[in-house]
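Notes for the structure review
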Amino acid sequence: MYLDPKSAAGFRCDEAPCAAETAGLRHFQFLLLPGANMLDFTAAIEPFRVLNSLTAAPAYSWSVVSETGEPVACSNGISFPVGGPLAAARQPDCLVVCSGGSGYMEASAQTLQWLRRHVRFGGAVAAIGTGAFTLARAGLAADADLTLHWSLFPVFEETFQDINCRNARTLSGDTFSCSAGGSASLDFALSAIQEDFGFETARRVAEFCLHDFGTDHSRAQRHPVSKRVGSRHPAIVSLVNKMEQTIHSPVPLSDLVREESISMRQIERLFKRHLETTPLQYYRNLRLDRARALLLGTDMSILETAVATGFTSVANFSKHYCRRFGERPTADRKAVASRSAPSC
């Protein structure tokens, strides 16, 4: 049974006129930045393709552009072709910014200006993966909640301290939408389909994609602590939750354990049995993981990074960092500098 695409708000096509364009439907334009995650944006496109196969006429159209019109080297090393440069493309109904674990701060001043003008004239924008960095840099996020992939949360929080970033898979609004990437990109597209065609149609498309589509799109990105640590013991779950909530300002382990119903010695046995480490080492590793994200993703000095993750001195920080990652923080900082240095 075919669906009626006339009930959908579809998208114009940048190429030759197509059924979607002549029907006045909307068009998604995906802007790929260097290092974009291929899974993120291809997963966002596939539900539209599936929906089109279920309708009498195409309900959605899409195109892919880059800033220069040249192919984009994705995070997996594959060079992805695009339809042309952003500046030469027709004004889309929704511009989707796609970036990955690197290159998320590389959008040019011209691109940021293009985004501001697009929104000013009533266009919608969306961010996938780490695209929220570009929206924030363009000054478009002051009054909007954003989300991005959880691994870059520390960098975003330090870079844009006045912008609210939520730990959600997707966030949808009239003007701004965000997806954390990965399988959440499916939710991004399915949410648009749900808005245009209703939940049952979105669920049917999700079934074709072998994806479980629900109504709570703002649910947390990561699994609950019990799944991540492989234990449902309430003391372990409670303590790990408190550790994760206090990474910014670490507190003595004894203070965290004080509110639990078991002793420190029992806690240490549980951590050894279930996590093969001590509570102190687990807590320290959480802080070191955050520190590495900051060193690789911001221009914070090693001293600033050490202080921001609760270490009392650079020497102490460097010692534990080397044990955790096999190299000193200066090595990671130099590696970042060499990648960003202009080639001759």
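Whatever comes next refers back to the structure up there.
The paragraphs below set out a description of the structure included in this document. Since the model is a prediction, treat every value here as computed from it, not as a measurement.

**Side note on the overall build of the protein chain**
Regarding its fold elements, the protein chain presents 15 helices and eight strands. Within the protein chain, the proportion of its 344 residues that are buried is 49%. In the protein chain, of all internal contacts separated by at least 6 residues, the share reaching a separation of at least 24 is 62%.

**Quick notes on the environment of Ala-126**
Examined against the element boundaries, Ala-126 turns out to sit in strand S6 (residues 124-129). Exposure remark for Ala-126: the relative accessible area of 0% places this residue in the buried category. Sequence-wise, Ala-126 and Leu-171 are 45 residues apart; in three dimensions their C-alpha atoms are separated by 9.5 Å. Setting aside residues up to four positions removed in sequence, Ala-126 forms contacts with Cys-94, Leu-95, Val-96, Val-97, Ser-177 and Phe-188.

**Some points on the pairing of strand S2 (residues 61-65)**
With four of five residues buried, S2 lies mostly within the body of the structure. For strand S1 (residues 27-32) and S2, the ladder comprises five bridges, and the chain directions are parallel. If you follow Phe-28 over to S2, its bridge partner there is Trp-62. Between S1 and its parallel partner S2, the chain crosses via helix H2 (residues 38-53), and the hand of that crossover is right-handed.

**Description of the packing of aromatic side chains**
The tally for this structure, following the rule as stated, stands at 16 aromatic pairs. On the basis of an interplanar angle of 85 degrees and a centroid distance of 4.9 Å, the ring pair of Phe-41 and Phe-80 is categorised as edge-to-face. With Phe-41 in helix H2 and Phe-80 in strand S4 (residues 79-80), the pair connects residues that are 39 residues apart, well separated along the chain. Of the residues examined, Phe-41 reaches a relative accessible area of 0% and is grouped as buried. Phe-80 sits in the partly exposed class, given a relative accessible area of 22%.

**With respect to the state of the cysteines**
The full count for this structure, using the stated rule, is zero disulfides. Here Cys-94 is not cross-linked by a disulfide; its sulfur's nearest cysteine counterpart is in Cys-98, at 10.0 Å.

**Let's talk about the sheet that holds S6**
Two modes of strand pairing occur in sheets, parallel and antiparallel, and in both the strands are linked by backbone hydrogen bonds. Spatial ordering of the open sheet is given by S2-S1-S5-S6-S8-S7, a layout of six strands whose pairing is mixed. The sheet terminates laterally at S2 and strand S7 (170-171), the two strands that pair on one side only. Set on the sheet, helix H3 (residues 109-120) makes contact with S1, strand S5 (94-99) and S6; between it and S5 the angle comes to about 150 degrees.

**Things to note about the nonpolar core**
With 36 residues, the main nonpolar core has Phe-28, Phe-30, Leu-32, Phe-41, Tyr-60, Val-96 and Ile-193 as its most contacted residues. Secondary structure elements with two or more residues in this core: S1, H2, S5, S6, helix H6 (184-197) and helix H7 (199-208). By residue number, the principal contributor to this core is H2, which donates eight residues. Those residues in contact with Phe-30 that lie beyond four places of it in its chain are Phe-41, Ala-44, Ile-45, Trp-62, Ser-63, Val-64, Val-65, Val-96, Cys-98 and Ile-128. Formed by 32 residues, the second largest nonpolar core is a distinct cluster that contains Leu-112, Ala-127, Phe-160 and Cys-178.

**Structural notes on helix H11 (residues 264-275)**
With twelve residues, H11 extends 16 Å between its outermost C-alpha atoms, agreeing within 8% with the 16 Å of an ideal straight helix rising 1.5 Å per residue. Among the residues of H11, those classed as buried are Ile-267, Leu-270, Phe-271 and Leu-275. The buried residues of H11 occupy an angular sector of 100 degrees when projected down its axis, which confines them to one face. Away from its buried face, by an angle of more than 90 degrees, H11 presents the exposed residues Arg-265, Arg-269, Lys-272 and Arg-273.

**Some thoughts on the pairing of strand S8 (residues 176-179)**
Where S6 lies against S8, four bridges are found, and the strand directions are parallel. Looking at S8, one finds that Val-125 is bridged to Phe-176. Across two bridges, S7 lies against S8 in antiparallel orientation. Considered in S8, the bridge of Leu-171 is made with Cys-178.

**Comments concerning the packing of helix H9 (residues 234-245) against H11**
Where H9 contacts H11, the axes come no closer than 10 Å and their chain directions differ by 90 degrees. Classified by the interaxial angle, the pair formed by H9 and H11 is roughly perpendicular. Contact residues: Ala-235, Ile-236, Leu-239, Val-240 and Met-243 in H9; Ile-267, Leu-270, Phe-271 and His-274 in H11.

**Concerning unusual backbone geometry**
Notably, Leu-210 is not glycine yet its phi reads approximately 55 degrees, a positive angle. By the element assignment, Leu-210 lies in the loop between H7 and helix H8 (225-229). Here Leu-210 falls in the exposed class, since its relative accessible area comes to 82%. Backbone geometry at Glu-276 places phi at a positive 55 degrees, although glycine is not the residue there. Given a relative accessible area of 68%, Glu-276 falls into the exposed group.

Rules used in this analysis
- Residues numbered from 1 in each chain as written.
- Predicted model: local features only at pLDDT ≥ 70, side-chain atom pairs only at ≥ 80, totals over all residues.
- Heavy atoms only, no water.
- Helix = DSSP H or I, 4+ residues; strand = E, 2+ residues; numbered from the N terminus.
- Buried < 20%, exposed > 50% of the residue type's maximum accessible area, 1.4 Å probe, protein only.
- Contact = heavy atoms within 4.5 Å.
- Pairing = 2+ DSSP bridges.
- Right-handed = clockwise from strand over helix to strand, strands pointing away.
- Phe/Tyr/Trp six-rings, centres within 6.5 Å; stacked < 30°, edge-to-face > 60°.
- Disulfide = S-S within 2.5 Å.
- Axes fitted to C-alpha atoms, helices over the stretch in contact; angles between N-to-C directions.
- Core = buried A, V, L, I, M, F, W, Y, C linked by side-chain atoms within 4.5 Å.
- Expected span 1.5 Å × (residues − 1).
- Arc of directions from axis to C-beta.
- Parallel < 35°, antiparallel > 145°, perpendicular 65-115°, else oblique.

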